[in-house]
Amino acid sequence: MMKNFFKYAVLTSCLLLNLNVNAQSISLLQQGNPTSIRGLSVVDDNVAWVSGSKGTIAKTSDGGKTWNWQTVKGFEKADFRDIEAFSDKEAIIMSSGTPALILKTTDGGTSWNVKYSNIDTAYFFDAMDFADKKHGYILGDPINNKFVLMETQDGGETWAAYNNPPDALPGEAAFAASGTCLRIVKGAIGISSGGTNTRFIYFNITLGSWQYDPLPIVHHKSSQGAFSFAMAENSCLFVGGDYADDKKTDSVAAVALPRLDATLNYYPVKTGPLGFQSCIEYIAGNTFLSTGTPGSNITTDGGKTWAKIDDTSFNVCRKAKHGKLVLFAGNGGKIGIFKP
């Protein structure tokens, strides 16, 4: 069932990194800004944007050495949980909470234009991802047992409800933790969920329908589940756990591998990340990075074993769409850079 999703997860490029786990480190670039950063979009080795609480946005054009911070005028109380950037001029931000907002800039953040606003308190946006510069999606918590899924086909200028959203089980939701519970890989939509149920939900292109697979990650509570996932060519890794018990180390990660019939086998990771992880990012080969409030971890064998590389609390880590730059971001305006 998973054949098409993995088919479109083929790498566009492969970073050949000589990874020595003992040499990995994260260096702080920024801290002390009173904002919780959960949105991070790394365009290339120079340009990256972050978004966070209190209407805060920041941008770098020199690989993270310096940052231009701003509070979006008129949206000082907005919690911008995710951001998608296409250049140093163009970016889209999404807010969680009420009102549900989508804003866009085409002049590097000098001005932001509202592209969507909804004051219905039932709407709570969790994550955003784009298949390309024109076609993107925003995932929201379920309403009437259906996940909210918004779609744009014109680069974020207009947004409309997706006509075939996936079903949600009672007590199931997604997490607005790092913008990575939703991934779009060449048009294929994937979602990781949590709460009373935790599943991998993806659209099967061949069947033209949604597929729902339970995940072997701790769940049953609103604070538990799969918070993030990342795709490699022939595998998919999930991380999460319990943010209310972030030192809990069992059932916080899982690996999905395709069988010969193209369905998936899901394996819990026994020697996994050391505690709750809110984000995972694919780097190259068999290497993935993950991060969360107890610190950051690395695997160089596709998720079988993990090693902790840093104790600093971060919410999100992302690699450049076009390049090698890997950044981390978290509470207190913290921004860090990965040193391979």
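Procedures and definitions
- Residues numbered from 1 in each chain as written.
- Predicted model: local features only at pLDDT ≥ 70, side-chain atom pairs only at ≥ 80, totals over all residues.
- Heavy atoms only, no water.
- Helix = DSSP H or I, 4+ residues; strand = E, 2+ residues; numbered from the N terminus.
- Contact = heavy atoms within 4.5 Å.
- Buried < 20%, exposed > 50% of the residue type's maximum accessible area, 1.4 Å probe, protein only.
- Pairing = 2+ DSSP bridges.
- Phe/Tyr/Trp six-rings, centres within 6.5 Å; stacked < 30°, edge-to-face > 60°.
- Salt bridge = Lys/Arg side-chain N within 4 Å of Asp/Glu carboxyl O.

Side note on the environment of S25
Right, on to step 1. On the secondary structure map, S25 appears in strand β1 (residues 25-30).
Right, on to step 2. Distance in space between the C-alpha atoms of S25 and G336 is 9.7 Å, their sequence separation being 311 residues.
Right, on to step 3. Apart from the residues lying within four places of it in its own chain, the contact partners of S25 are I337, F338 and K339.

Section: the pairing of strand β26 (residues 295-299)
Right, on to step 1. With 5 of its 5 residues buried, β26 lies for the most part within the structure.
Right, on to step 2. Burial along β26 is two-sided: G295, N297 and T299 facing one way and S296 and I298 facing the other are all buried.
Right, on to step 3. When strand β25 (residues 287-292) meets β26, the two strands line up antiparallel, connected through 5 bridges. Looking at the pairing, S290 lines up with N297 of β26.
Right, on to step 4. Between β25 and β26, which pair antiparallel in sequence order, lie 2 residues.
Right, on to step 5. Note that β26 and strand β27 (residues 307-310) share 3 bridges and pair antiparallel. The residue bridging I298 from the neighbouring strand is A307, located in β27.

Digging into the packing of aromatic side chains
Given two aromatic rings, one states the distance between the centres and the angle between the planes to describe the pair.
Right, on to step 1. Considering all chains together, one arrives at 18 aromatic pairs under this definition.
Right, on to step 2. Geometrically, the ring pair formed by Y243 and F276 is edge-to-face, given 6.5 Å between the ring centres and 65° between the ring planes. Of the two residues, Y243 is situated in the loop between β21 (236-242) and β22 (253-258) and F276 in the loop between β23 (264-268) and β24 (279-284); the sequence distance between them amounts to 33 residues.
Right, on to step 3. Judged by its relative accessible area of 47%, Y243 falls in the partly exposed class.
Right, on to step 4. Put simply, the rings of F200, Y202, F229, F238 and Y266 pair up and form one aromatic cluster.

Focus: the environment of A91
Right, on to step 1. In this structure, A91 sits in strand β7 (residues 91-96).
Right, on to step 2. If we ignore the near neighbours within four places in the chain, the residues touching A91 are W49, I83, E84, A85, L103, K104, T105 and W112.

Examining the pattern of salt bridges
Right, on to step 1. Under the criterion given, the structure shown has 13 salt bridges.
Right, on to step 2. Put simply, K115 and E157 hold a salt bridge, and the shortest N to O gap is 2.8 Å. Taken together, the residues K115 in strand β9 (residues 113-118) and E157 in the loop between β12 (146-152) and β13 (160-161) connect sequence positions 42 residues apart.
Right, on to step 3. Under the relative-accessibility criterion, E157 is labelled partly exposed at 33%.
Right, on to step 4. As a salt-bridge pair, D250 and K248 come within 2.9 Å of each other at their nearest N and O atoms.

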